[in-house]
Structure formats: C-alpha cells, structure tokens
Amino acid sequence: MTGTDPAAEWRRLAGEGPEARAVGEELLRRWSEPHRSHHTLAHLRDTLRAADLLLVWDGGADADAVRYAVWFHDAVYEGRPGEDEEQSALLAERMLGRMGVAPTLIGEVARLVRLTTDHHAEAGDHEGAVLCDADLSVLGSEPEGYLTYAAAVREEYRHVPDHLFRVGRIRVLKSLLDAPRLFRTEPGRRWWEARARANVSAEVERLRQASDEG
C-alpha cells in the first residue's frame, strides 16, 4: 500500500537508476510548483493511496500503468482543461521513454492520463476505471475536507473573476451530477458516490446563492 513519502513511492515504482531518479526529481518539482493549491503533492499522495485501495480490489488492472498515470496525470498544470492533460500525456511519453520503459506501457500510461480530461472510462477498462475513481475520490471527502478542496480549486483560478468562475464551476459540477454514476468501480461507488453527490450538490447551491447575492 502507498505510504506518505512520494519520493520513496517513486523509487519503488521506477527503480533507482539515474534516469528514473532524474525523472522523479522533475515530477516532484512540478507537483510542488507555487501556483498550485489543490493539484499538489498532497493530491498526488491521496490519489496514489486511493489507487492502491482500488488495485487491491481489481487485481486484473495493470498496477504499474495506473501508478505511473497517477504520477503524470497533473504533472503539467496551468489551469487549462484539456490542454494540461494532453501536455501531461506528452510529458509521460518523453520521460518514460528516457527511462527505457516498454513502449506498450508508455502508450497505456499516456492513454490513461488523457482519460482524466473527462473521467469517462469505458466499460471493461479496468485501468481507466481505477485511475478515474482515484482521481475523483476527493469528491467523496468528509464535508469539511471537501470545503478545503473547493477553496483550493478557487485559489488555482484566482485570475478568473468571481462571476465567471461561478458560471464555469457550476457547469463542471452539473456535468458530474448529470452522469448516471460518478465512480466506475464497485468500491468507488460504495465508498464515495453518495457523499460525493451530496458534496457537489451543496457546492452548486452555494455558488448559486453567491450569484444571487452578487
């Protein structure tokens, strides 16, 4: 199971070779960038931990592909939905290639990273389901933790005026609520679905009230 030290987790996954060490240092630097508030090392740790919990349940998923995808899925983060995921996937292709990772695994990691654009894993996509559920597990936090998450997201979009942020955020949250299910795995639904829907619905209501008051 995942511990609390991302550097140690990377070494367990990628090994101790010089290229692996260099890539790990670069990834840790990226996840520590000062403009990040939510997409930080804490989010990386939480997503790795959630992925490991789900991998215990789904022994058929390629654990290495999922874990590499967790490391790279927000390696590029500039607040540009879609573009960030694409650039993160391209970064994974370059960096894993430098490490000598098998091309088939590199291709799978890049595919998984791109899935986090909309978190729509197809039926039968074990790796995609595990990664997407792990990434969205923050939505199923306890209410106080969710409020901290929502405030961190707002901070990352501090350059966006309040009214524009509210419009865009409500649109994103409504798309989540309109989906028949937020989580693709059985334990994901059992652990996080009900609380995630309650949290997201409450945030939508707060944003709407703020818009009415504004």
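The shown structure was predicted, so the numbers you read here are calculated from the model rather than taken from an experiment. Here the residue numbers are simple positions, counted from 1 along each chain's written sequence. pLDDT decides what is reported in this predicted model: residues at 70 or higher carry local features, side-chain atom pairs at 80 or more are listed and counted, and totals for whole chains, interfaces and linings draw on all residues regardless. Side-chain calculation: all heavy atoms of the structure are included, whereas hydrogens and water are not.

For the chain, the helix and strand inventory stands at 10 helices and zero strands. Here the C-alpha atoms of the chain give a radius of gyration of 17 Å, agreeing with the 17 Å that 2.2 N^0.38 yields for 214 residues. Dimensions of the chain, computed from the C-alpha atoms along their principal axes, are close to 55 × 35 × 25 Å. Burial classes: relative accessible area under 20% of the type maximum marks a residue as buried, over 50% as exposed, and values in between as partly exposed (1.4 Å probe, protein chains only). Classification of the 214 residues of the chain by burial places 49% in the buried group. Per-residue and other accessible areas were derived by the Shrake-Rupley procedure at a 1.4 Å probe size, with only the shown protein chains allowed to occlude residues. Carbon and sulfur atoms make up 53% of the accessible area of the chain, which amounts to about 10400 Å² in all. By definition, any uninterrupted DSSP run of H or I lasting at least four residues is a helix, any uninterrupted run of E lasting at least two residues is a strand, and each is numbered from the N terminus. With C-alpha atoms as the basis for the radius of gyration, the globule rule is written as 2.2 Å multiplied by the number of residues raised to the power 0.38.

Taken across its 10 residues, helix H4 (residues 63–72) has seven buried, putting it largely inside the fold. The contact criterion used throughout is that any non-hydrogen atoms of two residues lie within 4.5 Å. Contact partners of the buried residues in H4: helix H1 (6–14), helix H2 (18–31), helix H3 (41–57), helix H5 (83–98), helix H6 (103–115) and helix H7 (126–136). Whenever a nitrogen or oxygen atom comes within 3.5 Å of another N or O atom, the pair is scored as a polar contact, on the condition that within protein one atom can donate a hydrogen and the other can accept it, and that pairs from neighbouring residues in sequence are kept only if both atoms are in side chains. Its side-chain oxygen 3.2 Å from the backbone nitrogen of Asp 64, Asp 62 forms the N-cap of H4.

So, about the side chain of Ser 88. Residue placement: Ser 88 occurs in helix H5. On the basis of relative accessibility, which here comes to 0%, the residue Ser 88 falls in the buried class. Once you skip the residues sitting within four places of it in the chain, Ser 88 turns out to touch Phe 72, His 73, Asp 74, Ala 75, Val 76 and Val 113.

Interaxial distance between H2 and H5 falls to 9 Å at its minimum, and their mutual angle equals 150°. The angle between H2 and H5 falls in the class roughly antiparallel. Only Leu 91, Met 95 and Arg 98 of H5 make contact with H2, whose side of the interface consists of Glu 19, Ala 22, Val 23, Glu 26, Leu 27 and Arg 30. When residues are grouped by polarity, Ala, Val, Leu, Ile, Met, Phe, Trp, Tyr, Cys and Pro land in nonpolar, Asp, Glu, Lys and Arg in charged, and all others, Gly among them, in polar. Among the residues forming the contact of H2 with H5, the class breakdown is five nonpolar, no polar and four charged. Interaxial angle, 0 to 180 degrees, is taken between N-to-C directions of lines fitted to C-alpha atoms, where a helix line uses only the stretch in contact. Throughout this description, any angle smaller than 35 degrees is read as roughly parallel, any larger than 145 degrees as roughly antiparallel, any in the 65 to 115 degree range as roughly perpendicular, and the remainder as oblique.

Two rings from Phe, Tyr or Trp (for Trp, the six-membered ring) form a pair when their centres sit within 6.5 Å of each other. Planes less than 30 degrees apart are called stacked, planes more than 60 degrees apart edge-to-face, and all others tilted. Under the counting rule described, the total for this entry stands at six aromatic pairs. Three or more aromatic residues link up through ring pairs in this structure, and these residues are Trp 10, Tyr 68 and Trp 71. Against the face of Trp 31 rests Arg 36, its NZ or CZ located 5.4 Å from the ring centre. Lying across the ring of Phe 165, Arg 154 places its NZ or CZ 4.4 Å from the centre. Either the NZ atom of lysine or the CZ atom of arginine qualifies as a charge over a ring when it sits within 6 Å of the ring centre and within 35 degrees of the ring normal.

Turning our eyes to something else, we now look at the pattern of salt bridges. Should a side-chain nitrogen of Lys or Arg be within 4 Å of a carboxyl oxygen of Asp or Glu, the pair is scored as a salt bridge. The final tally for this structure, using the stated rule, is 19 salt bridges. The partner of Glu 142 in a salt bridge is Arg 195, and the shortest N-O contact between them spans 3.2 Å. You can see Glu 142 sitting in the loop between H7 and helix H8 (143–156) and its partner Arg 195 sitting in helix H10 (residues 186–213), a full 53 residues away along the chain. Of the residues examined, Glu 142 reaches a relative accessible area of 48% and is grouped as partly exposed. One salt-bridge network, in which partners are shared between bridges, spans Glu 26, Arg 29 and Arg 30.

On to the layout of surface pockets. The space that makes up the largest pocket amounts to roughly 990 Å³. In this analysis a 1.4 Å probe is tested at points of a 1 Å grid over the protein atoms alone, and where it fits but cannot get out there is a cavity; an open set with protein on both sides within 12 Å along at least five of seven lines is a pocket; lining residues have an atom within 4 Å of a point. Pro 81, Thr 117, His 119, Arg 169 and Val 172 are, among the 39 residues lining the largest pocket, the residues nearest its centre. At the level of secondary structure, the elements contributing two or more residues to the lining of the largest pocket comprise H5, H7, H8 and helix H9 (162–178). It is H9 that contributes the most residues to the lining of the largest pocket, nine residues altogether. Grid points are joined across faces, edges and corners, and a volume is the space filled by probe spheres set on the points.

Counting 61 residues, the largest nonpolar core has Trp 10, Leu 27, Tyr 68, Phe 72, Leu 96 and Met 99 as the members making the most contacts within it. Non-local contacts of Met 99, meaning those with residues more than four positions away in its chain, are made with Trp 10, Ala 14, Glu 19, Ala 20, Val 23 and Tyr 68. The term nonpolar core refers to a set of buried residues drawn from Ala, Val, Leu, Ile, Met, Phe, Trp, Tyr and Cys, joined through side-chain atoms within 4.5 Å.

What follows is about unusual backbone geometry. Unlike most non-glycine residues, His 119 shows phi in positive territory, near 60°. Checked against the element boundaries, His 119 lands in the loop between H6 and H7. A residue is classified by how much of its surface remains accessible, and His 119, at 15% relative accessible area, is buried.

Purely geometric stuff here, so don't read any function into it on its own.
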